[in-house]
Amino acid sequence: MRTFGGRRASLVGVCALMMAIAACGSSNNSGTSGSSGETPVRGGTLNMLGAGDVDYMDPNISYYSVGYLALRLWSRQLFTFPAVDGQTTTAVPDLATGLPTTSNGGVSADGMTYTITIRKGAMWNTTPARQVTAADVVRGVKRTCNPVQPFGGTPDFATLIQGYQSFCDGFAKVAQTPSAIADYINKTSLPGVVAKNDTTVVFHLTHPATYFVDMLTLPAFSPAPEEVLKYLPASQALGQHEISDGPYQVESWKPTKEIVFTRNNAWNPSTDPIRKAYVDKVVVDETVSQDSIQQQLETGTASADMEFDQAPPPSQLPGLIARKDPNFNLGETASSNPYIVFNTVSPNNNGALGKVEVRQALEYALNRDEMTQVLGGPTVNPPLTHILPSDIKGSTNFDLYQTDQAKAKQMLADAGYPNGLTLKFLYRNASEGSSKVFQTVQQQLAKIGVHVVGVPSPDADFYTKYLQVPSAARTGVWDLSLAGWGADWYGDAALSFFAPLFSGPPSYPPTGSNYGFYDSAKTNALIQQASTATDPTQSGALWGQADRQVMQDAAIFPITNPQQASYHASQVHNAIYVPAIQNFDPANVWLSPGTNGG
């Protein structure tokens, strides 16, 4: 899943000297968490502040932590992660009535068939309100690989769900009009996802996958009502006419300016074990700078309750730590965030970045320690020298590129570039962390004769107008870019790093998130072997080999697997950090009486 990228903030290296180690390194550290025993208060308006926007207001297409944050309010999944301390990375039923197992008949003996029942009473806010059905789930899964804007994580399950790849291959040839897309969805079967009856959906897999229930937490598997077929997938028109099955609905959406969520009267709290929906309304202001957001949250501004797509600026973290601010929180991420991606198809410098020797030279020239320092320090910004974070099965610690700028300069000359290169670096200029990493890279590469030119981007454009657009890479709009990636699920989740990011053509954007167009026959074979291995030990070893191969090929430069720094105003209660949305869960907070946003 795409994450905040270069925006992620983290604590300074002197954290251990400034506050207790337990508080420094813990997640769900908020002093107003649900464990306080306070009586919840209903009502009020939750005001969230940001500087960017969702990627798409479309559950089946969104693949960005900020998009997931917004979806939490109005879109439900079969399974999701609860806002419960200590359980935020454990999948639990949402629309589903229970977890499928072999003992309850939900999973077949061979592990290749999953039968899931949808809760009765879960309703769409249509007129009149209508039950969410298994047919809606089938429709939603089909929409993920539409020809207009496919879901960026489809490589996770492209070959896992029976018939899915074939269905998508056919879909890619369909005209990009609502009528043609609707016709294909309605008339083309997907054998791997079948509505057995109104409330029972059956998934057929090509091989056992013990992580499949965790995978079903992805919004891509959200049900889709038939009304969405009137609009192009991922379009603003659809986003402004979405139908909700969650506690809130999208009342209005002015992209890059404001989102307003109001109560969905068709939602029945007795059918939703995940969202308490204490506040009556949620307003997102997307026009506020990172520094201003922090200032307003700290000073009790009436229209400032929570962050939306921002985090506390790294330069302000020492003060938050020194005073042990109870509204400050650190949360786990299971991510590589940020990392630097090399555009292997850039025509600039006569295609220099297409040569592994050039990319390896850049790896040696870059200094990870300096980058983590400008992001806030290594204490909760631990260096990541390879693909898989330590909290993902299959991760092993190794570093193929200890910083050696003399070696880097010689390698660059040996590769045919004795006079250096000029590289374009894409970054988000509204982010303090992103801007500082760009400046650090610029200084480091200058030492080996590489001139780095900035390509600043607004937050809202970063993915949708640059990284997800193949022509931007192929025409050399950028050569290097910051990006961020987090696990799509937790634990046994190596597939969610390698399939969307490094599996060759199937992972190229827009279908995947392989922004640098990396392709390796060796890596592809290892991904195939690891994803179908039935023995956990063997699978872990294969993922480790894939990790090493990608780093040998220098596809990216990893920087850190950070903890997420988050902040909320004092009037916000029950602020539980949920890693899947990399923020406090807005669907479960409540506000102090008298300071409820207005």
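A short tour of the structure in this document, coming up. Every chain's residues receive numbers from 1 upward, in the order its sequence appears when written. Totals for whole chains, interfaces and linings use all residues, but because this is a predicted model, local features are given only for residues with pLDDT of at least 70 and pairs of side-chain atoms are given and counted only at 80 or more. Processing note: side-chain calculations cover all non-hydrogen atoms of the structure and skip hydrogens and water entirely.

### Some details on helix 6 (residues 178–187)
In an α-helix, one turn spans 3.6 residues; hence positions three or four apart end up facing the same way. Only protein chains enter the accessibility calculation, which uses a 1.4 Å probe. A residue is then buried if its area is under 20% of the maximum for its type, exposed if over 50%, and partly exposed in between. Secondary structure counts use DSSP, requiring at least four H or I residues in a row for a helix and at least two E residues in a row for a strand, with both numbered from the N terminus. Within helix 6, burial applies to I181, A182, Y184 and I185. When helix 6 is viewed along its axis, its buried side chains cluster within an angular range of 165° and face the same direction. What points out from helix 6, more than 90 degrees from its buried face, is the exposed set S179, N186 and K187. Those residues of helix 6 that are buried are in contact with helix 4 (134–143) and helix 5 (164–171). In this description, one arc is meant: the one made by directions from the helix axis to the C-beta atoms. The contact criterion used is simple: two residues touch if any of their non-hydrogen atoms lie within 4.5 Å.

### Examining the sheet that holds strand 7 (residues 193–197)
We call two strands paired when DSSP finds no fewer than two bridges between them. If you trace the three strands from one edge of the open sheet to the other, you get 4-8-7, paired in antiparallel fashion. For this open sheet the edge positions go to strand 4 (113–117) and strand 7, each flanked by a neighbour on one side alone. Direction aside, the axes of adjacent strands within the sheet are offset by 25° on average. As defined by bridge partners, strand 4 adjoins strand 8 (residues 200–204) across five bridges and the pair is classed as antiparallel. Opposite Y114, over in strand 8, you have F203 as the bridge partner. Helix-sheet contacts for helix 4 involve strand 7 and strand 8, and the interaxial angle to strand 7 is about 170°. For every element, the axis is a line fit to its C-alpha atoms; helices are fit only across the contacting stretch, and the angle between N-to-C directions ranges from 0 to 180 degrees.

### Section: the nonpolar core
By size, the foremost hydrophobic cluster in this structure holds 166 residues, and its most contacted members are F203, M215, F261, I340, L445 and F498. Element by element, the count of residues in this core is highest for helix 3 (residues 65–74), at seven residues. Sequence-distant contacts of F498, that is, excluding residues within four places in its chain, are made with I387, L388, S503, I527, W543, A546, D547 and V550. By nonpolar core we mean a set of buried residues, namely Ala, Val, Leu, Ile, Met, Phe, Trp, Tyr and Cys, connected to one another through side-chain atoms within 4.5 Å. Counting residues in hydrophobic clusters, the runner-up holds 14 residues, among them I293, A304, F328 and L330.

### Details of the environment of F342
Here F342 is to be found in strand 14 (residues 335–342). With 104 residues separating them in the primary sequence, F342 and A446 have C-alpha atoms 17 Å apart. Leaving out residues up to four positions away in the same chain, F342 has contacts with R359, L362, E363, D479, L480, G516, A554, A555, I556 and F557.

### What about the state of the cysteines?
In this description, a disulfide is simply a cysteine sulfur pair whose atoms lie within 2.5 Å. In the structure shown here, the tally under the stated rule is one disulfide. The disulfide bridge from C145 ends at C168, spanning 2.2 Å between sulfur atoms. Its torsion about the S-S bond being -90°, the disulfide of C145 and C168 is classed as left-handed. Of this pair, C145 sits in the loop between helix 4 and helix 5 while C168 sits in helix 5, placing them 23 residues apart in sequence. Accessibility assignment for this pair places C145 and C168 in one class, buried.

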